[in-house]
Every structure is written in structure tokens, then in C-alpha cells.
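# Commentary on secondary and tertiary structure
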Amino acid sequence: MDDDDGFEDAGTGTPLSAIAEAFEELSSCLKSNGGCHDLMLKPFCDACSLVSVLFGSLGIAFKFAEFEYVSKVSDLAEASEIFGSLNSILDYDVRSDTVRTPGSLSRNLRRVRQGLDLIRALFQNFLSTYDDSLKEAASMAYAKVCAPYHTWAVRTAVSAGMCALPSRDQLLMKLNETGDSAEIEMRRYIDASLPIIEYIDKLYISRNINLDW
């Protein structure tokens with residue numbers, strides 16, 4: 001994946017600004033109608049697809065996340081031709097008793113949500129530390145968001161790959177950002193993605209589906 005894939009002609013500035021703007025639009029839609037608005041699947045997938053460039057910029061340590069995330073977003077995008085909203089895919093899988101079935105849309109949504117949260121946690125750690133190495137920021141994000149649900153083999157591979165992460169300056173260069181501009185865009189994403197992540201969790205909880213998977 002080229003670092004600039006999808007952004008050459010986007011007309012939205014840097015990858016980070018495009019991602020932040022897309023999630024701000026999603027968050028705004030969610031808050032409309034008194035916070036009772038259903039989140040539509042296609043614009044959700046469009047926004048999520050932009051995030052894949054971030055996984056690609058982090059190198060081998062996050063290849064597992066990139067492959068899983070991209071494939072799950074692609075499956076959901078294909079499903080958006082049939083299902084209108086996030087609610088509708090949960091309803092379908094609940095009726096079919098396939099919520100946790102590998103390859104089900106509900107399971108794919110859970111994994112995409114995990115990817116969004118991983119980037120959010122990474123950004124928070126990035127902004128709260130000033131180390132040139134991203135190892136601590138990335139390791140903490142992974143340990144909190146993904147490690148509890150991964151096998152020992154995956155956790156070991158990720159840990160080994162952390163040594164190959166780009167430096168802080170290298171990441172900023174890949175994303176065409178300065179330290180100051182990255183902070184602005186990362187905070188925009190953190191603030192806009194949290195309501196989306198919480199909304200997705202509530203979809204499962206409202207159907208008595210726990211979140212520990």
C-alpha cells in the first residue's frame with residue numbers, strides 16, 4: 001500500500017485531516033435528531049476506509065491490524081449495498097444467530113470498531129509522550145485495545161514488530177504533518193471517533209450482547 005493511496009485527488013489536505021473531517025461528519029450525523037439518529041453503513045465504511053493508511057504507515061508491527069481491518073471494512077462496504085445502517089446488520093445477525101460467527105457482519109463490525117479504538121488510543125499516547133520512539137505509545141495502545149482478544153502467537157509477533165516502528169518524525173513525514181498540525185488533527189479524530197465507538201458498543205449492549213470478544 002502506498003502511503004498516499006486514496007489521498008492524491010481527495011482534495012481534503014493530509015491523510016489525517018481527511019480522516020478527522022470524515023469522523024466529525026459521522027459524529028455530527030449521530031448527534032442529529034436529539035442523538036437518536038441511526039448511523040448509516042455506507043458513510044461509516046467510507047470514513048473507516050480512510051483509516052487504513054494509518055496502519056500502513058506504522059509498518060510491520062501493525063500489519064496484522066492492517067490486513068484484518070482492511071478486509072473487514074471491505075466486507076462491510078460490500079454489505080452496504082444491501083443493509084442501510086449499522087443497526088440493520090446487527091438485527092440481521094441476531095435473527096440468524098450469527099453475531100459471533102466468523103465472517104458475520106456483526107463480528108466484522110466489532111473488529112473494525114477495535115481498529116478505530118486502537119488508532120484513537122495510539123493518538124492519545126502519541127500526544128501524551130515526547131519520545132522519539134513510538135514503541136511505548138504503540139505498545140500501550142495495543143495492550144489496552146487488542147491484546148486481550150489475541151492469541152499468544154499474535155501478541156508475540158506484534159511485540160517483535162514493535163522494534164520496526166517508524167520514529168515519531170518518520171511517521172509525521174509519512175503523514176505529511178508537522179508536530180503542531182498532527183496534534184490538531186489527532187485531537188479532532190480522538191474527539192470525533194469516541195462517540196462513534198461508544199455508539200457501536202451500545203448497539204451490542206442494547207441487544208444483550210457482551211463486549212468481551
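Residues numbered from 1 in each chain as written. Predicted model: local features only at pLDDT ≥ 70, side-chain atom pairs only at ≥ 80, totals over all residues. Heavy atoms only, no water.

The next thing to look at is the packing of helix H5 (residues 105-128) against helix H6 (residues 135-145). Where H5 contacts H6, the two axes come as close as 8 Å, and the packing angle between them is 145°. At the point where H5 passes H6, the crossing takes the right-handed sense. In this structure, H5 uses Gln114, Asp117, Leu118, Ala121, Leu122, Asn125 and Phe126 to contact H6, whose residues at the interface are Ala137, Ala138, Met140, Ala141, Tyr142 and Val145. (Axes fitted to C-alpha atoms, helices over the stretch in contact; angles between N-to-C directions. Helix = DSSP H or I, 4+ residues; strand = E, 2+ residues; numbered from the N terminus. Left-handed = near helix turned anticlockwise from the far one by under 90°. Contact = heavy atoms within 4.5 Å.)

Taken as a whole and judged by the stated rule, the model has 2 cavities of 30 Å³ or more. Taken as a whole, the largest cavity holds about 80 Å³ of empty space. If you go around the largest cavity, the residues you meet are Phe55, Phe64, Ala65, Glu68, Tyr69, Arg111, Gln114, Gly115, Leu118, Cys146 and His150. For the lining of the largest cavity, the secondary-structure elements that each account for two or more residues are helix H3 (63-79) and H5. Taken together, the residues of the lining of the largest cavity break down into 6 nonpolar, 3 polar and 2 charged. (1 Å grid on protein atoms, 1.4 Å probe; cavity = no way out; pocket = protein on both sides within 12 Å on 5 of 7 lines; lining within 4 Å. Points joined across faces, edges and corners; volume = space filled by probe spheres on them. Nonpolar A, V, L, I, M, F, W, Y, C, P; charged D, E, K, R; others polar.)

We now examine helix H9 (residues 179-205). With 27 residues, H9 should cover 39 Å at 1.5 Å per step; its first-to-last C-alpha distance of 38 Å lies within 8% of that length. Taken as a whole, H9 carries its principal kink of about 30° at serine 193; the proline proline 195 stands between one and four residues after it. (Expected span 1.5 Å × (residues − 1). Bend = angle between axes of the 7 residues up to and from the residue.)

Across all of its chains, the model carries 11 salt bridges by this definition. Aspartate 91 is paired through a salt bridge with arginine 207; the nearest N and O atoms lie 2.7 Å apart. Taken together, the positions of aspartate 91 in helix H4 (residues 86-96) and arginine 207 in the segment after H9 put the pair 116 residues apart, joining distant regions of the chain. The class for aspartate 91 is partly exposed, based on a relative accessible area of 32%. A salt bridge links glutamate 183 to arginine 187, with the nearest nitrogen and oxygen atoms 3.2 Å apart. Here the residue glutamate 183 and the residue arginine 187 both occupy positions in helix H9, the gap between them amounting to 4 residues, near one helical turn. (Salt bridge = Lys/Arg side-chain N within 4 Å of Asp/Glu carboxyl O. Buried < 20%, exposed > 50% of the residue type's maximum accessible area, 1.4 Å probe, protein only.)

Turning our eyes to something else, we now look at the packing of aromatic side chains. Taken as a whole, this structure holds 4 aromatic pairs when the rule is applied. Plain terms: the ring middles of phenylalanine 123 and tyrosine 189 are 5.6 Å apart, the flat faces sit at 80° to each other, and that makes the pair edge-to-face. Of this pair, phenylalanine 123 sits in helix H5 while tyrosine 189 is found in helix H9, placing the two residues 66 residues apart along the sequence. Across this residue pair, the class does not change: phenylalanine 123 and tyrosine 189 are buried. Joined through ring pairs, the aromatic side chains of Phe23, Phe123 and Tyr189 make up one cluster. In this structure, arginine 110 is placed above the aromatic ring of tyrosine 204, and the distance from its NZ or CZ to the ring centre is 5.3 Å. (Phe/Tyr/Trp six-rings, centres within 6.5 Å; stacked < 30°, edge-to-face > 60°. Lys NZ or Arg CZ within 6 Å of the ring centre and 35° of its normal.)

Residues Asp131, Asp132, Glu136 and Asp169 make up a contiguous surface patch of negative charge. One can find aspartate 169 in helix H8 (residues 168-174). (Patch = residues over 30% accessible without salt bridge, like charges linked within 9 Å, V, L, I, M, F, W, Y side chains within 5 Å. Areas by Shrake-Rupley, 256 points an atom, 1.4 Å probe, with all protein chains shown as cover. Lys, Arg positive; Asp, Glu negative; His and termini not counted. Charge placed at Lys NZ, Arg CZ, Asp CG, Glu CD.)

Here we take up the state of the cysteines. Inspection of the entire model under this criterion finds 0 disulfides. Here cysteine 45 is not cross-linked by a disulfide; its sulfur's nearest cysteine counterpart is in cysteine 48, at 6.3 Å. In this structure cysteine 45 comes out as buried when scored by relative accessible area, which is 5%. (Disulfide = S-S within 2.5 Å.)

Moving on, we get to the environment of aspartate 97. For aspartate 97, the location among the structural elements is in the loop between H4 and H5. Aspartate 97 gets classed as exposed once you look at its relative accessible area, which sits at 68%. Sequence-wise, aspartate 97 and phenylalanine 62 are 35 residues apart; in three dimensions their C-alpha atoms are separated by 32 Å.

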